[in-house]
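# Architecture and fold: a report
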Amino acid sequence: MKPSNLAGAHILATGSAVPDICISNETLSSIVNTSDEWISNRTGIKTRRILPANQSIIDIATRASCQALNKADLNPEELDLIILATSTPNDLFGSASQLQASIKATNAAAFDITAACSGFVISLITASQFLNSGSYKNILVVGADILSRWVDWSDRSSCILFGDGAGAAILQSNINNDILGFQINTNGLDANQLSIASKASEEIVCNPAKLKFMHSHYDYLRMNGKEVYKFAVSRVPESIRQCLKDVNLLSNDISWLILHQANQRILNAVADKLDIPKNKIISNIQSYGNTSAASIPIALHEAFDAGKIMNGDIIAIAGFGAGLTWATVIIKWH
Ligand code: UT7
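Since the structure is predicted, the reported quantities are computational estimates derived from the model, not experimental observations. In this convention, every chain numbers its residues from 1, walking through the sequence in written order. In keeping with the predicted nature of the model, local features appear solely for residues at pLDDT of at least 70, side-chain atom pairs appear and are counted solely at 80 or more, and the whole-chain, interface and lining totals rest on all residues. The basis for every side-chain value is the complete set of heavy atoms in the structure, and neither hydrogens nor water enter the calculation.

### Looking at the UniProt feature "active site" (unreviewed entry) in the protein
UniProt positions are given in the numbering used here, feature names are shortened, and annotations may be inferred rather than shown by experiment. Summarizing the sequence annotation, UniProt attributes the feature "active site" (unreviewed entry) to C117, H260 and N290 in the numbering used throughout. In sequence the annotated residues extend across 174 residues, while in space they remain close, none of their C-alpha pairs exceeding 8.8 Å. Elements are defined by DSSP. Helices are runs of H or I of four residues or more, strands are runs of E of two residues or more, and each kind is numbered from the N terminus. Along the chain, C117 turns up in the loop between β5 (109-113) and α5 (119-132). The buried category is assigned to C117, whose relative accessible area is 8%. Think of it in three bands: residues with accessible area under 20% of the maximum for their type are buried, residues over 50% are exposed, and the middle band is partly exposed, with areas taken using a 1.4 Å probe on protein chains only.

### Some thoughts on the environment of T186
With respect to the helices and strands, T186 occurs in strand β8 (residues 179-186). According to the relative accessible area criterion, T186 is exposed, its value standing at 58%. Taking the C-alpha atoms as reference points, T186 and N33, 153 residues apart in sequence, are found 34 Å from one another. Two residues form a contact once any of their heavy atoms are found within 4.5 Å. T186 has contacts with L324, T325 and W326, leaving out every residue within four places of it along the chain.

### As for the site of the ligand
Within the structure, the ligand sits among 23 residues, and T34, R42, K226, N263 and N290 are positioned closest to it. A 3.5 Å cut-off defines polar contacts: any pair of N or O atoms within that distance qualifies, except that in protein one atom must be a possible hydrogen donor and the other a possible acceptor, and neighbouring residues in sequence count only when both atoms are side-chain atoms. In the environment of the ligand, an oxygen atom lies 2.9 Å from a nitrogen or oxygen atom belonging to the side chain of R42. Within the backbone of G225, a nitrogen or oxygen atom sits 3.0 Å from a nitrogen atom of the ligand. Contributions of two or more residues to the shell around the ligand are made by α2 (36-43), α6 (156-159), α7 (225-246) and α8 (264-273). Any residue with a non-hydrogen atom lying within 4 Å of a molecule or strand is treated as near it.

### Overview of the pattern of salt bridges
The rule for a salt bridge is simple: a side-chain nitrogen of Lys or Arg has to be within 4 Å of a carboxyl oxygen of Asp or Glu. Across all of its chains, the model carries seven salt bridges by this definition. Put simply, D155 and R222 hold a salt bridge, and the shortest N to O gap is 3.8 Å. You can see D155 sitting in the loop between β6 (138-146) and α6 and its partner R222 sitting in strand β12 (residues 222-223), a full 67 residues away along the chain. Judged by relative accessible area, D155 falls into the buried class, the value being 17%. Its relative accessible area of 34% is what places R222 among the partly exposed residues. A salt bridge links R235 to E238; its shortest N-O distance comes to 3.1 Å. Of this pair, R235 and E238 both sit in helix α7, three residues apart, roughly one helical turn. The partly exposed category is assigned to E238, whose relative accessible area is 41%. Among the charged side chains, a network of salt bridges with common partners joins D152, D155 and R222.

### Overview of the domain arrangement of the protein
For the purposes of this description, domain bounds are those given by an automatic or database domain assignment. Segmentation of the protein into domains returns domain 1 (8-177) and domain 2 (181-189 + 222-332). Domain 1 and domain 2 are separated by 16 Å when their C-alpha centres are compared. Each partner contributes residues to the interface: domain 1 has 43 residues there, and domain 2 has 39 residues. Accessible area that two parts lose when put together, evaluated with a 1.4 Å probe and summed over both, is termed the buried area. Where domain 1 abuts domain 2, roughly 3100 Å² becomes buried across the two surfaces, and 64% of that area is made up of carbon and sulfur atoms.

What follows is the structure in structure tokens.
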């Protein structure tokens, strides 16, 4: 731990990585009873990327992290902490330590945050607390998910939505504080609307004590799309509005709206409710679909790389999804 007296949390650099394998709506139409027209009209998605069998989440998380480290001109050994937001780890005990080893961040502590599509925002907020308290100087926050390995490829109502990817951001303590305000919300009563539930399969193990042991497996991703849609378009604008109020800003102060890339209709509906013009919505859903915890950092990285985000811009970022969880962060870009 390297204590710092610069209590601001500054986003120093970003990175992203997606697999090369690209699946079009037309290809999906040969797998399930769907069409490019339905998927495009209902979701805005055209293609998604799928991780090949010989790669793991660590491969894409490493690529995104190394890109961010290069852009930040930072040595991996200078990282104090790695937070990996993922719901599809390599190991149920967490994958952040494998990422730490892979990028050779030998001095960094590392842990996972499991919060589905809100995971990156919650991790960003968590990192900012370590910076605000002066505990750490350099933190790598990664959002990575490979839901292609958890969806039911015969369920047309969900498999058409998801893709794989990773995005990264390096936060550094600084006199400038980029994170103006935040909000994290949870409604566990509706957890069943979107889940990859543990499925205990009965397994009687013969042993002298006649004990019955259970072995856990996980079910496919199951989602009540309509309910999740309604939740997103009602809760997300509320949360952004509250967050803006807390930091004395109005929705017309927002330069860019970066939402979890779940469905173009959700992005548009949230913007409409906040009176934010469509040209302020950052969207890459057409290319990658819903990449869960990776969708926001990939969108942020691509927008920054494309030169869209300027010094002083106010960015409202909100993640939402399984839990149910939703989280907002208001950023002033320096
Ligand atoms: O990352 C977590 C956050 N997740 C989300 O935010 C997802 C939120 N939900 C959604 O984005 C939308 O609810 C979906 C895209 C999942 C579904 O869109 P929808 O407009 O809510 O469609 P629906 O479920 O009401 O289905 C309408 C019709 C149904 O047929 P009938 O009953 O009207 O005959 C479905 O069976 O569309 C049918 N359908 C499809 N047809 C062709 C459902 N999926 C498909 C499909 N292709 N892939």
